[in-house]
Amino acid sequence: MVWTQFRRNRAGLVGLVLLSAFLSAGLFAPVLAPYDPYEIELESGLKRPGPGHLLGQDELGRDMLSRVIYGARLSLVIGVIAVTIGVGIGVPVGAISGYFGGLPDLLVQRLIDVMLAFPGILLAIVLVAILGVGLVQVMVAVGIVSIPVYARLVRGQVLSLRGQEFVDAARAVGATSGRIILRHVLPNTLAVIIVQSTLQIASAILAAAALGFLGLGAQPPAAEWGSMLSNARQYIRLAPHSVMFPGLAIMLTVLGFNLLGDAIRDALDPRMRI
Amino acid sequence: MRRVLALIAAIALTGALVISAAAAPAVTPTRGGTLIVGSGVDAVTLDAPMITDSPSATVSEHMVESLYRLTPEGKIIPMLALGHTVSPDGRTWTVRLRTGVRFHDGTPFDAEAAKFNLDRMLDPATRAPFRFLISRVTSVTVVDSSTIRLVTDAPFAPLLAHFTHSSVGMQSPTAVRRLGVDYARQPVGTGAFKFKEWVRGDRVVMTRNDDFWGEKAFLDEVQFRVIPDDGARVAALEAGSIHVAVRVPPREIERLKGARDFTVSIDDSLRTIYVGFNVTRPPFNDVRLRRALNHAVNKRAIVNSALNGTARVSDAPIVPAVEGYSKIMTYEWDLERAEALLREAGYSRARPLRAVFHHPSGRYIRDAEIAASIQGLVRRAGIELELRTMEWGAYLALTNRPQPENDVQMYMLGWGTVTGDADYGLYALFHSSNWVPTGSNRSFYKNDRVDALLDRGRTTVDQAERNKIYAEAMRVIMDDAPWLFLHSESQVTGIRHTAQGVVVHPAERIELFKAWLRR
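As the structure is a prediction and not an experimental result, all values here were calculated from the model.

Residues and elements named next belong to chain B. Counted as a void, the second largest pocket has a volume near 660 Å³. Along the wall of the second largest pocket there are 36 residues; nearest its centre are Ala321, Glu323, Thr419, Gly420 and Asp421. Counting residues per element, the ones that place at least two in the lining of the second largest pocket are helix H4 (159–162), strand E12 (262–277), helix H15 (463–480) and strand E17 (483–496). Along the lines of polarity and charge, the residues of the lining of the second largest pocket split into 18 nonpolar, 11 polar and seven charged.

Written out as structure tokens, the structure reads:
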């Protein structure tokens, strides 16, 4: 049923194609990349795309295609880990806060208000400043930034679910609160979490690229799209290809996730369709 | 006096002609206008004895003058001094000062003022980083209002060259006393330009000093504007929002050649770029590993790629233009030799040498790109370097820590031998008395033989003898390899045709004393 709904959405299919490309690049990078992404060839720095190097070479003469492919792998890892952190902490916090209500709910929600008051990227920069510069720190920072998003989302869902009859029924047969949350309430929020995660991976990748661009994320020589852009921008007039391809990779991946996320949402809940 | 002025004018004019030759036939300079220089980093301080970097000195020298000056051609000419005599034993220097000169705040420049400045630099409490420049001076006395006498503890050959240094600049005693720590943000000197304002991280503005003792400047105002990004600086030059752009990325030279409104000039520099090792801590307390890295890096390839051939592979720790230079050697690019040395020291592909490599970004021409090149090059010899890019101020602070707490393994830096004398290029960097934080020896290098040679070089007067001493010292230094010897930079500067008479000094200074704007 859901698949039938999904198939009707052309944009969703485009998203799926983009993501398949991204995922296969990420998963099979060592097989797909024609060169070692770290092998430098100073003599042919900034060489334009040609038969030997399909996307050209960067300022140190590294193969752009291989670096873009390995970049997919890094972005995939960043996206998945950041979202896992967000889901892992945000969902329980939101569920407990929404289910029990009262003072804890009030405190948690104010804290989340504070976190949401900062633009995500600014909060991530502050966190990186505290945690230090590096890829792992960026994943943690971007993950923390997505916690309030999940907490708020799940809390709203739980609030509307906890008054429903099946929850009352479960309570009537003597189920504990923990069991009710895990077995009865959370499964019903799964659809929203999946949709949100698809979109959230896109923002995580974008945020990580932004941090990489600012020199706060992956350190050289890592093949990370944001830092590739940052290095190449110095030579934008001389070698536009070195900026174009990492930029395109970021754009297409984020676009793919967004199209797919929208399509899944539409398929899961046709009523929400605008 | 007139002859000296004529000499200065002749030299300045020659410089101006050389610079503007490609642009236009010489025309009469016009007065007025504001000239804007796009610089890569902001000044750190404008209190002369506290300055350790060229960007600060470039700004400072327009306002604060020294007793002598090193011309772009490498000659030492009098500035605030008129001349000097040295006693036969080489230990007493009598310096005659220019008369009738006033600081920008009206304070007269006289023997008292000169003594004040020299004493201030010598006072350990001032903590002048380059105190070693005149540290051999034991007393400064006022003979009469325009003469001072200096006594040194031994004959001190490089003293005259050191008097040209911006750190030994003459500043208004009244202002220094009155402003205290705030003086560093509003300097008062005798120069052709007066301080107007300093907006941190953005610009320093100066106006013409109409009471200047020498030939007055043509420009009404001069601005040094901070544009850290190489690409943005070039774009600003192309758009015409600045007149001069320092450190144009050398790879852009070819593209910019076609520009109608500006030229890119390539000028010599006294700066050597190197990567220092901390020789007191593992792993680089092992000379074999230091040599292995020297062999593993293809310096020629770096010079030809990131620097587009505008640099020269180092064959000594100082550049050829420095008095005391001689060609010593270059570690050949030889991966097999590097790997053999690594094996000897107990490393292999299975157990690779790992180290952390700190470097700045935006301070030297393509510094971060060069650091990444080094990382990529040594990887082929099975050496794994982890790069740490840092902001200039924080980077200096980190590498400047004293030996017991300094855990920096490898660091990239450049040293401009701005006095044009080998003592400045070697003593500060390799003498064991100059370990940071009181000197500039960040490798904590100590070799008794080198120490003795450098001491002898300072106190020997005969230049031929000094050259021999320095050659010997540099041979030992290069064999010990406390550095990964890289290259000497050229200055790649973009200058708009409307800006005439801009001089690019080899000490890495942009000089606007005789610059003017064509309408």
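A word on the interface of chain A and chain B. Tallying the contact residues gives 19 residues for chain A and 23 residues for chain B. Interface area, chain A with chain B, both sides summed: about 1800 Å², of which 47% is carbon and sulfur. When residues of chain A are sorted by the area they lose upon contact with chain B, Leu42(A), Gln234(A) and Tyr235(A) head the list and together hold 32% of the total. Here chain A and chain B share five salt bridges between them. Here Asp36(A) ties to Arg379(B) by a salt bridge, and the two come within 2.9 Å at their closest N and O atoms. At the junction of chain A and chain B, the tally comes to 12 residue pairs in polar contact (both at pLDDT 80 or more). Class assignment of the residues belonging to the side of chain A that touches chain B gives a composition of nine nonpolar, three polar and seven charged.

All names here are of chain B. Counted by the stated rule, this structure contains five cavities of 30 Å³ or more. Taken as a whole, the largest cavity encloses approximately 300 Å³ of empty space. If you trace the largest cavity, you find 24 residues lining it, with Thr58, Val246, Arg247, Glu508 and Ile510 closest to the centre. Looking at the lining of the largest cavity, the elements that each hand over two or more residues are strand E1 (34–39), helix H2 (54–60), strand E10 (221–226), E17 and strand E20 (509–511). Residue contributions to the lining of the largest cavity peak at five residues, all from E17. For the lining of the largest cavity, the class distribution of residues is 12 nonpolar, seven polar and five charged. Estimates place the volume of the second largest cavity at around 200 Å³.

This part takes up the packing of aromatic side chains. Residue and element names in this part refer to chain B. Under the defined criterion, the tally for this structure stands at 20 aromatic pairs over all chains. A ring pair is formed by Trp483 and Phe485, whose centres lie 5.7 Å apart and whose planes are at 50 degrees; its orientation type is tilted. Taking relative accessible area as the criterion, Trp483 reaches 2% and is therefore assigned buried. The rings of Tyr274, Tyr411, Phe430, Tyr445, Trp483 and Phe485 are connected pair by pair, giving a single aromatic cluster. Seen from the ring of Trp198, Arg200 lies directly overhead, with NZ or CZ sitting 4.2 Å from the centre. Its end group placed over the ring of Tyr427, Arg458 keeps NZ or CZ at 3.8 Å from the ring centre.

All names here are of chain A. The interhelical angle for the contact between helix H4 (residues 64–100) and helix H7 (residues 135–162), taken along N-to-C directions, is 35 degrees, at an axis separation of 5 Å. Crossing of H4 over H7 shows right-handed handedness. Residue composition of the contact of H4 with H7, by class: 25 nonpolar, seven polar and two charged.

For an α-helix the count is 3.6 residues per turn, leaving residues at separations of three or four pointing the same way. When the terminal C-alpha atoms of helix H10 (residues 190–213) of chain A are compared, their 34 Å separation across 24 residues agrees well with the 34 Å that a helix rising 1.5 Å per residue should span. One or two steps after H10(A), the chain reaches Gly215(A), where phi turns positive at roughly 85 degrees.

Residues and elements named next belong to chain B. A large share of E10 lies buried, amounting to five of its six residues. Summarising the sheet, E1 and E10 pair through six bridges and their orientation is parallel. From the neighbouring strand, Ser39 faces E10, where its bridge partner is Val226. In terms of strand pairing, strand E9 (residues 203–208) meets E10 through five bridges, oriented antiparallel. Bridge assignment links Val204 to a residue of E10, and that residue is Phe224.

We now examine a nonpolar patch on the surface. Residue and element names in this part refer to chain A. Together, Val114, Phe118, Ile121, Leu122, Val126, Ile130 and Leu131 line one region of the surface with nonpolar side chains, adding up to about 620 Å² of accessible area. Examining the composition of the nonpolar patch, we find that five residues originate from one element, helix H6 (residues 120–131), more than from any other. With respect to the helices and strands, Leu122 occurs in helix H6.

Turning our attention to the pairing of E1(B). Residue and element names in this part refer to chain B. Counting buried positions along E1 gives five out of six residues, so the element sits mostly inside the fold. As paired elements, E1 and strand E11 (residues 244–245) share two bridges and run parallel to each other. Along E11, the bridge assignment pairs Val37 with Val244.

With that settled, consider the pattern of salt bridges. Residue and element names in this part refer to chain B. The tally for this structure, following the rule as stated, stands at 51 salt bridges over all chains. A salt bridge links Arg496 to Asp261; its shortest N-O distance comes to 3.6 Å. With Arg496 in strand E17 and Asp261 in the loop between helix H7 (253–256) and E12, this residue pair connects regions lying 235 residues apart in the sequence. Here the salt bridges do not stand alone but share partners, grouping Asp230, Arg233, Arg251, Arg366 and Glu369 into one network.

With that settled, the discussion passes to the side chain of Asn278(B). All names here are of chain B. With respect to the helices, strands and loops of the structure, Asn278 is situated in the loop between E12 and helix H8 (287–296). A distance of 3.3 Å separates a polar side-chain atom of Asn278 from the backbone oxygen of Asn406. Beyond its immediate sequence surroundings of up to four residues, Asn278 is in contact with Phe284, Asn285, Asn406, Val408, Gln409, Ser443 and Phe444.

This paragraph deals with the nonpolar core. Grouped together as the largest cluster of nonpolar side chains are 162 residues, with contacts concentrated most on Leu35(B), Phe109(B), Ile374(B) and Leu512(B). When residues no more than four places from it in sequence are discounted, the contact partners of Phe109(B) are Leu67(B), Leu80(B), Leu97(B), Arg98(B), Val101(B), Arg102(B), Phe103(B), Ala114(B), Met170(B) and Thr190(B). Leu161(A), Leu186(A), Ile193(A) and Ala267(A) belong to the second largest nonpolar core, which has 47 residues in total.

This part covers the packing of helix H13 (residues 422–430) of chain B against helix H14 (residues 448–459) of chain B. Residues and elements named next belong to chain B. As a packed pair, H13 and H14 sit with axes 10 Å apart at the nearest point and diverge in direction by 145 degrees. Considering the relative orientation of H13 and H14, their crossing is left-handed. Two secondary-structure elements touch here, H13 through Asp423, Leu426, Tyr427 and Phe430 and H14 through Val450, Asp451, Leu454, Asp455 and Arg458.

All names here are of chain B. When pLDDT is averaged along chain B, the result is 92, and 95% of the positions lie at 70 or above. Low pLDDT, under 50, characterises residues 1–7; the predicted model gives this stretch four contacts beyond four residues in sequence or across chains. Quick note on the complex model: pTM equals 0.86, ipTM equals 0.84.

Attention shifts here to the environment of Gly32(B). You can see Gly32(B) is positioned in the loop between helix H1 (2–20) and E1. Distance from Gly32(B) to Gly393(B), taken between C-alpha atoms, is 35 Å for residues 361 residues apart in sequence.

Take the sheet that holds strand E5 (residues 92–97) of chain B next. Residues and elements named next belong to chain B. Ordered by their spatial adjacency, four strands build an open sheet running E4-E5-E7-E6, and the pairing between neighbours is antiparallel. For this open sheet the edge positions go to strand E4 (81–86) and strand E6 (137–144), each flanked by a neighbour on one side alone. Here the strands of the sheet are splayed against their neighbours by 20 degrees on average, with no regard to which way each runs. Alignment of E6 against strand E7 (residues 147–152), held across six bridges, turns out to be antiparallel. Among the inter-strand pairings, Val142 is bridged to a residue of E7, identified as Ile148.

Reading the values: the criteria
- Residues numbered from 1 in each chain as written.
- Chains lettered and ligands numbered in written order.
- Predicted model: local features only at pLDDT ≥ 70, side-chain atom pairs only at ≥ 80, totals over all residues.
- Heavy atoms only, no water.
- 1 Å grid on protein atoms, 1.4 Å probe; cavity = no way out; pocket = protein on both sides within 12 Å on 5 of 7 lines; lining within 4 Å.
- Points joined across faces, edges and corners; volume = space filled by probe spheres on them.
- Helix = DSSP H or I, 4+ residues; strand = E, 2+ residues; numbered from the N terminus.
- Nonpolar A, V, L, I, M, F, W, Y, C, P; charged D, E, K, R; others polar.
- Contact = heavy atoms within 4.5 Å.
- Buried area = accessible area lost by both parts, 1.4 Å probe.
- Salt bridge = Lys/Arg side-chain N within 4 Å of Asp/Glu carboxyl O.
- Polar contact = N/O pair within 3.5 Å; in protein donor to acceptor, adjacent residues only side chain to side chain.
- Phe/Tyr/Trp six-rings, centres within 6.5 Å; stacked < 30°, edge-to-face > 60°.
- Buried < 20%, exposed > 50% of the residue type's maximum accessible area, 1.4 Å probe, protein only.
- Lys NZ or Arg CZ within 6 Å of the ring centre and 35° of its normal.
- Axes fitted to C-alpha atoms, helices over the stretch in contact; angles between N-to-C directions.
- Left-handed = near helix turned anticlockwise from the far one by under 90°.
- Expected span 1.5 Å × (residues − 1).
- Pairing = 2+ DSSP bridges.
- Patch = residues over 30% accessible without salt bridge, like charges linked within 9 Å, V, L, I, M, F, W, Y side chains within 5 Å.
- Areas by Shrake-Rupley, 256 points an atom, 1.4 Å probe, with all protein chains shown as cover.
- Core = buried A, V, L, I, M, F, W, Y, C linked by side-chain atoms within 4.5 Å.
- pLDDT = per-residue confidence, 0-100.

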